[in-house]
Every structure is written in C-alpha cells, then in structure tokens.
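Descriptive structure summary
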Amino acid sequence: MERMPAAWLVVIASLLFATMGVCIKLAAVDYSSGEIVMYRGMVGALMIGAISRWRGGTLRTSMPAQHFLRSLTGVTALCLWFYAIAALPLATAMTLNYTSSLWIALFLLGGASMLGTRAVDGRLVLAALVGFVGVVLVLRPTVEEGQLWYGLAGLFSGMVSATGYLQVASLGRAGEPEIRIVFYFSIGGVLGGALLTTLTGWHAHTWSGVGLLLAVGVLATVAQLLLTRAYVRGPALVVASLQYLGIGFSFLYDVLLLNDRVTWLALAGIVLIVG
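Residues numbered from 1 in each chain as written. Predicted model: local features only at pLDDT ≥ 70, side-chain atom pairs only at ≥ 80, totals over all residues. Heavy atoms only, no water.

Some details on the pattern of salt bridges
Opposite charge on two side chains permits them to pair, given that their charged atoms come into close proximity. Inclusion rule: A pair is scored as a salt bridge if a Lys or Arg side-chain nitrogen falls within 4 Å of a carboxyl oxygen belonging to Asp or Glu. A helix here means a DSSP run of H or I that spans at least four residues, while a strand means a run of E at least two residues long, and both kinds are numbered starting from the N terminus. Relative accessible area decides the class of each residue, using a 1.4 Å probe on protein chains only: under 20% of the type maximum gives buried, over 50% gives exposed, and in between gives partly exposed.
Taken as a whole, this structure holds two salt bridges when the rule is applied. The shortest N-O distance in the salt bridge between Arg-180 and Glu-176 comes to 2.7 Å. A salt bridge links Glu-178 to Arg-229, with the shortest nitrogen-to-oxygen separation between them at 2.2 Å. A residue pair is termed long-range when its members are at least 10 positions apart, and Glu-178 in helix α8 (residues 178-200) and Arg-229 in helix α9 (residues 207-233) qualify at 51 residues. Accessibility classification places Glu-178 together with Arg-229 in one group, the buried group.

Pasting the structure below:
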C-alpha cells in the first residue's frame, strides 16, 4: 500500500465502503444510526491505537485545532446523512451525499478565482459532473412532498463532507500521517455517536449484531485510512471523482445479494461512472 497510486487507493476504499454499507443495512435492524456511528468510531480508535503502538509511533499531535475541525465536519456530515436517510428513499439520500465531489469542484474553482492561483483542470470538473450524472441514473432519486427539509439536510451533508475532505488534504500537506488523521476522526465519531444515542436511546446487543458492528468498524477504518492517504497523495478533485465507484460496487451488491433489478438506465450510469 505504501507505493500504490492514489487512484487505486480510492478504488479499494470504495469497494470496502460499499461492503460496509451492506453491513450497516443489516446492523440497522438492531441498532440506531447513532449507535452504529459510535461503535464504528470505537473500533477504529482501538485498531489505530494498536497499530500505532505496534509501530512504535505516537498519536500526539501539534495541530489539535485542525483535527477538531476535521472531526467536527466529518461527524456532522454523517449525522446529517443519517437524518436524511431516516425520511428519504435511500437512493435519494445517497445521491445527495455524493454531491460532495461537486462541492469540492466548486470550492476549488472559487478558491482559484479568489486567490488568483492556477486554475482547476476543466477535464476534472467535467469528470465530476459526468460521474454525478451516472450516480443519478443508477439511483434515480426522488423527493416527495413534505421531505424538503430532509432533502436539504442530505444536500448539506454533501457540502460538509466536501469541506472535511479538503481539511484531510490540508492536514496531509502539513505533515500529519493518515493514521493520526483517522484516529482523531474516530474519536469524534465516538463522542458524536454517543451524544446522539443518548438522545435517542440504547439497544441491547446480540451476537450477530456485535459481529456486524465489528465488521463495520474494521471496514470503515481500513477504507478511511486508504482514502485519507489518497487525498494526501493525489489531487482532491481526482480522488473525489473516483469515489463515485462506490455507487457501482453498491449496485453490484444490490444485484447479487438483494436481487435488485438491472435496468438499462442503471447500466448506462455505471458506464458513465467508470468512464
């Protein structure tokens, strides 16, 4: 993994995130969104703590404020997304969350214009737009009457996710290793998930539930480490556009495991995403 190009890191991370999504769908039968977020962060923090100790490294940081902001945006985006999922069709909520790539393109274009820096490659902006069209074709989102606020929450989750990814890239350029970035994000997930769960209520554990929570935590942690390294190594807009592959992997899981129907629109969307 040390020398793997950023593009391949995103491909593997997208597959792991899609696999995690299947586990979350199964775990949601026994646990609330806040509990899943909390246990995901808990497993991640323990894993990274063990890895750091094994390597003889340290998790102490000289940039606590930047980590706090990254954790705040990341956990906020997760909570907003779960809030949207509660009332919107899953396809709609996922599409709104995947607008993060478009927001990144807008932020980079706006920053280049305001600061007079080198313009963003138009081909990358086009790739983000085409990929998003592919996402829409695969998921075919809809918003019904009375769901406007949930739709806005989902859209805002995409925007907040974009700021979080840009913060990850900034931390990486400042010299923070990905293991430290993901550790503090995991701690933020534990705190944010625990707060949300305290407000909504706790559920008893089952053996299958514990197994699913462990799977979610392990898959999320490994995928987050790979994605963080990709944002540190590669251009943010390239990495963001390649994240659309997660929709393709999720679609394959739906077809293979949940007997979802294959349509020509979905196939066209997959082609656009991969292209």
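Having seen the model, we can carry on.
Points about the packing of helix α2 (residues 33-55) against α8
To keep things clear, this is the line we draw: For every element, the axis is a line fit to its C-alpha atoms; helices are fit only across the contacting stretch, and the angle between N-to-C directions ranges from 0 to 180 degrees. Note on terminology: angles under 35 degrees are roughly parallel, angles over 145 are roughly antiparallel, angles of 65 to 115 are roughly perpendicular, and the others are oblique. For any pair of crossing helices, the crossing counts as left-handed if the nearer helix is rotated counterclockwise from the farther one by less than a right angle, and right-handed if it is rotated clockwise. Gly is put with the polar residues, along with every residue not named as nonpolar or charged; the nonpolar set is Ala, Val, Leu, Ile, Met, Phe, Trp, Tyr, Cys and Pro, and the charged set is Asp, Glu, Lys and Arg.
In the contact formed by α2 and α8, the axes pass within 7 Å of each other and the chain directions differ by 150°. Between α2 and α8, the crossing angle belongs to the class labelled roughly antiparallel. For the element pair α2 and α8, the recorded crossing hand is left-handed. Tallied by class, the residues present in the contact of α2 with α8 amount to 14 nonpolar, eight polar and three charged.

As for a nonpolar patch on the surface
Which entries qualify depends on this criterion: A patch is a set of surface residues, each over 30% in relative accessible area and not in a salt bridge, joined within 9 Å for like charges and within 5 Å for the nonpolar side chains Val, Leu, Ile, Met, Phe, Trp and Tyr. The Shrake-Rupley method, run with a 1.4 Å probe sphere, supplies the accessible areas, and residue values consider only the shown protein chains as cover.
Taken together, the side chains of Leu-148, Trp-149, Leu-152 and Leu-155 present a nonpolar region at the surface, about 450 Å² in accessible area. In this structure, Leu-155 sits in helix α7 (residues 148-173). For Leu-155, a relative accessible area of 31% gives the class partly exposed.

What about the packing of α7 against α9?
Put simply, the rule is: Whether two residues are in contact is decided by their heavy atoms: any pair within 4.5 Å suffices.
For the pair α7 and α9, the least separation of the axes is 8 Å and the interaxial angle reads 70°. Between α7 and α9, the interaxial angle falls into the category roughly perpendicular. In the packing of α7 onto α9, the handedness of the crossing is right-handed. Contacts from Tyr-165, Val-168, Ala-169 and Gly-172 in α7 reach Leu-227, Thr-228, Tyr-231 and Val-232 in α9. Considering only residue class, the contact of α7 with α9 consists of six nonpolar, two polar and no charged.

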